[in-house]
Structures are given as C-alpha cells and as structure tokens.
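Below are the chains, spelled out letter by letter.
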2 protein chains.
Amino acid sequence: MARPDPHPAPENVSDAPLRALVGYQMKRAFNVIQADLTRTLDPFGLRMLTYSALALIVENPGLRPSQLAHALAVERANVVVYVDQLEEAGWVTRTPALGDRRAYALQCTLAGRRLYERAQKVVHAHDTRMLNGLSEDETATIRKALAQMEQQT
Amino acid sequence: MARPDPHPAPENVSDAPLRALVGYQMKRAFNVIQADLTRTLDPFGLRMLTYSALALIVENPGLRPSQLAHALAVERANVVVYVDQLEEAGWVTRTPALGDRRAYALQCTLAGRRLYERAQKVVHAHDTRMLNGLSEDETATIRKALAQMEQQT
C-alpha cells in the first residue's frame, strides 16, 4: 500500500480572502471584459489601446501625442507605439506642428474614421452585453461608484 | 506675424466616447486601485500578484502550482515566477508531491504566514479606503455587479 502523501493537494481551493476585496473582484471582472473586447476588436485589426487611441484622435483632430498620453493615463512611449500601428495601417496621419519641431498633430484618415465608426458600434454592443442582467439603477450605481473610485487617493 | 497652425492642438481633450463605456470606466478605476495597492504592499516586499499567491498558499496548504494558476486565472508560467520570488524571500516552500515527480506542494513558512497576516490588515484597509464615500447599499450593488460581469461570456 502506498504511504499517504504528507502534503496532499487541497480538493477545493478557497480564494475567499481575495474575493473579500472589491479590488480583486474588479480585476476578475475586468479580465472578462478585456477578453470579450479583444475578441470584439480582432476583426477590425484593433486592440484595446489602439481602439482607445483612435477614438480620441477621431474625436479630437490635431491631438498631440502628449495630450493623448495624458487623456489615456498611459506612458508617452507606449502612445508612440499605438500611433505607429495606427499610422502603418493607414488610419492616422502625423503632421509636424508649427513652432515645435518635436511635436506633431494627429488626425484620422477617412479610412480611419470609417473603421472607427464601424468598430464603435460593436464595442458599444459589447459594453451593453457586459451589463446584461443588471437593472438601470444598478448600472447607474456602478458607474457612479467607478467614477468615485477613480478619484480616491 | 506667424501664420496660424493649420492643425492646432485641441484646448480641451474630450474622452466622452470612451467614458461612455463601463469597461473603460472600470479600467480607469482599477488603475487607481492598483497604484494604491502597489504603494500599500511595497513596504512588505510584495506586489499584487505575489500577495495574491501568498494569500492562496496560506489559505490552502499543499496547493499545487496548477491549482494556484487556475484559482488566480493566470498562466502557469507566470505562477512559477511568483512562487520563485516567494520561495527566495523565505515565505514559501516547495515539497515534491508523492507519485508525481513533476508536481510539488506549496506551503507557507512561519515567516510567510506572519508577513501575510500583517499585509492582509493593510490591504483590507486599502480596499475599504477605495470604497470611501459609497453607502453600504452601493457597495453591495457594485459587488453584485462585478460578480455578475465575471460570469458574462
């Protein structure tokens, strides 16, 4: 007869101490949202951050990379990577800004605007799907709570 | 007189199309939570994922790395990195599992348990701080909403 394992694997793994944390719950929910968004954007050749960058460039013609980095709360070096990808795909152009040789203005191309408008529809459908089963009141509460959490320091 | 820039930078950058998405709001809120958690854990030599791994090892003695990866919904290769760090710090030990030469059982050391218990207190205070200004009802709603979002497919 085999001797019993002195360190048997637990049959049921408890993650209760992590589940007690709203931050952990949010991370797990966001993982699901991000995976669904990735699938949603894939047919458009976009990812979460290139979609976000394109949205802001469409909405704010002439946007500077530093403004884009600030608005998305990401590092300027990362923004340059997303902009490169959008430019290579023919969706965004850079124009040198007058008076500052290092700066440039971002604009979407016609193809970029059309792609964004098509992608925006399915992204909104994805976002609505993520809220399935929640009432309007609950949705309003979660939006308020998220906005407030973002202001915590 | 300088000629006007044909592509002036927008004075106010609008991110309204992204703010309309609950997924984007959640990402922004989670960034704030993660930054606060990072500051909270730094004095303990822990980060978000090493804290999470330590919590599950303390809670589930004998845990296998594959179980840890599944419980945290991260890649097994990443789990090995966190476990290495916890082991090097002297907070976790690996014991070969009987009957499977590739598997091993994870246990916390006394130092690991004590560190976890001290860290857990400040992590819970951090989590409560993130909910500042929200009523009990609102907190219950956001927890319910996050749990439900995690089940969406």
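For the structure, see preceding data.
The model shown is predicted, which means the values in this text are computed figures rather than measured ones. (Residues numbered from 1 in each chain as written. Chains lettered and ligands numbered in written order. Predicted model: local features only at pLDDT ≥ 70, side-chain atom pairs only at ≥ 80, totals over all residues.)

Draft legend 1. Local environment of the overall build of chain A. On a plain count of helices and strands, chain A comes out with seven helices and two strands. Reading chain A from its N terminus to its C terminus gives the helix and strand order α-α-α-α-α-β-β-α-α. Its C-alpha atoms give chain A principal-axis dimensions of about 80 × 45 × 35 Å. For chain A, contacts bridging at least 24 residues in sequence account for 47% of all contacts bridging at least 6. (Helix = DSSP H or I, 4+ residues; strand = E, 2+ residues; numbered from the N terminus. Contact = placed C-beta atoms within 7 Å.)

Draft legend 2. Geometry of the interface of chain A and chain B. At the junction of the two partners, chain A supplies 59 residues and chain B supplies 60 residues. Those elements giving two or more residues to the side of chain A that touches chain B turn out to be α1 (16-19), α2 (22-41), α3 (48-59), α4 (65-72), β2 (104-108), α6 (110-130) and α7 (136-150) of chain A. Broken down by element, the side of chain A that touches chain B gets its largest block of residues, twelve residues, from α2 of chain A. A class-by-class count of the residues in the side of chain A that touches chain B yields 31 nonpolar, 17 polar and eleven charged. (Nonpolar A, V, L, I, M, F, W, Y, C, P; charged D, E, K, R; others polar.)

Draft legend 3. Summary view of the packing of α2 of chain A against helix α7 (residues 136-151) of chain B. Orientation of α2 of chain A relative to α7 of chain B, taken along the N-to-C sense of each, is 35°, at an axis distance of 8 Å. Our pair here, α2 of chain A against α7 of chain B, has a crossing hand that is left-handed. Contact residues: V22, Q25, M26, R28, A29, V32 and I33 of chain A in α2 of chain A; I142, R143, L146, A147, M149 and E150 of chain B in α7 of chain B. A per-class count over the contact of α2 of chain A with α7 of chain B returns nine nonpolar, one polar and three charged. (Axes fitted to C-alpha atoms, helices over the stretch in contact; angles between N-to-C directions. Left-handed = near helix turned anticlockwise from the far one by under 90°.)

Draft legend 4. Here's a closer look at the nonpolar core. With 78 residues, the main nonpolar core has M26, A53, L54 and I57 of chain A together with A53, L54 and I57 of chain B as its most contacted residues. When neighbours within four sequence positions are excluded, M26 of chain A is seen to be in contact with M26, A29, F30, I33 and L146 of chain B. (Core = buried A, V, L, I, M, F, W, Y, C linked by C-beta atoms within 7 Å. Buried ≥ 20, exposed ≤ 12 C-beta atoms within 10 Å, placed from the backbone.)

Draft legend 5. Region of interest: the relation of the copies chain A and chain B. Mapping chain A onto chain B leaves a residual RMSD of 0.0 Å; the transformation is a rotation of 180° accompanied by 0.0 Å of translation along its axis. What the superposition gives is, in effect, a two-fold axis relating one chain to the other. The rotation axis passes nearest to the C-alpha of I142 of chain A in chain A, at a distance of 2.7 Å. Residue by residue, 100% of the interface of chain A is reproduced at the interface of chain B, so both copies engage with the same surface. (Least-squares fit on C-alpha atoms with pLDDT ≥ 70 in both.)

Draft legend 6. Examining α2 of chain A more closely. Look at α2 of chain A: 28 Å from first C-alpha to last across 20 residues, which is about the 28 Å you get at 1.5 Å a residue. Those residues of α2 of chain A lying buried are V22, G23, Y24, Q25, M26, K27, A29, F30, I33 and L37 of chain A. (Expected span 1.5 Å × (residues − 1).)

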